[in-house]
Amino acid sequence: MRTTIGYTVESIGYVVGAQGAVSFASQTFFGTEWGWLHKLVDLPSTAYLGIVVLGLALVAGGVKTRKAPQRRQTA
């Protein structure tokens, strides 16, 4: 179960981080809107960097959860 949760959180983190990076780059360098985040919220460019950080935190949390050692219960 822990492995499944880790992979799920990690996958969501990749999507969120990628969307944040695409949105930041498109607003900052091209003056347009790419991705689907701008359809949900209207944020300034710097806020999209926060979304990238959130995505990286989700990836790190997913990897940590997935690689956490299993504890054996002794009866």
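A.B. asks: Whenever I open this one, the overall build of the protein chain confuses me. Can you help?
C.D. replies: Each helix and strand in the protein chain was counted, giving three helices and zero strands. In the protein chain, the succession of helices and strands from N to C terminus is α-α-α. Counting over 75 residues, the protein chain shows a buried share of 21%. When contacts within the protein chain are restricted to residue pairs at least 6 apart in sequence, those whose partners lie at least 24 apart make up 59%.

A.B. asks: Can you walk me through a nonpolar patch on the surface in this structure?
C.D. replies: On the surface, a cluster of nonpolar side chains totalling about 370 Å² of accessible area is made up of Val-15, Trp-36, Leu-40 and Val-41. By the element assignment, Leu-40 lies in helix α2 (residues 37-40). The exposure class assigned to Leu-40 is exposed, which follows from its relative accessible area of 60%.

A.B. asks: Can you help me understand the packing of aromatic side chains in this one?
C.D. replies: Describing an aromatic ring pair means giving the distance of the ring centres and the angle of the ring planes. For the structure shown, the criterion picks out two aromatic pairs. Between the aromatic rings of Phe-24 and Phe-29, the centroid separation amounts to 6.4 Å while the plane-to-plane angle is 80 degrees, which identifies the pairing as edge-to-face. With a relative accessible area of 60%, Phe-29 lands in the exposed category.

A.B. asks: Teacher, can you tell me more about the environment of Gly-50 here?
C.D. replies: Among the structural elements, Gly-50 can be located in helix α3 (residues 45-67). Residue classification places Gly-50 among the partly exposed positions, given a relative accessible area of 38%. Taking the C-alpha atoms as reference, Gly-50 lies 7.9 Å from Gly-20; in sequence the two are 30 residues apart.

A.B. asks: Just to check I follow, could you spell out the confidence of the model for the protein chain for this structure?
C.D. replies: Atom-level detail of predicted coordinates should not be read off regions where pLDDT is low. For the protein chain, per-residue confidence averages 86 on the pLDDT scale, and 84% of positions sit at 70 or higher. Averaged pLDDT values for the elements of the protein chain fall to 84 in α2 and rise to 91 in α3.

Cut-off values and rules
Residues numbered from 1 in each chain as written. Predicted model: local features only at pLDDT ≥ 70, side-chain atom pairs only at ≥ 80, totals over all residues. Heavy atoms only, no water. Helix = DSSP H or I, 4+ residues; strand = E, 2+ residues; numbered from the N terminus. Buried < 20%, exposed > 50% of the residue type's maximum accessible area, 1.4 Å probe, protein only. Contact = heavy atoms within 4.5 Å. Patch = residues over 30% accessible without salt bridge, like charges linked within 9 Å, V, L, I, M, F, W, Y side chains within 5 Å. Areas by Shrake-Rupley, 256 points an atom, 1.4 Å probe, with all protein chains shown as cover. Salt bridge = Lys/Arg side-chain N within 4 Å of Asp/Glu carboxyl O. Phe/Tyr/Trp six-rings, centres within 6.5 Å; stacked < 30°, edge-to-face > 60°. pLDDT = per-residue confidence, 0-100.

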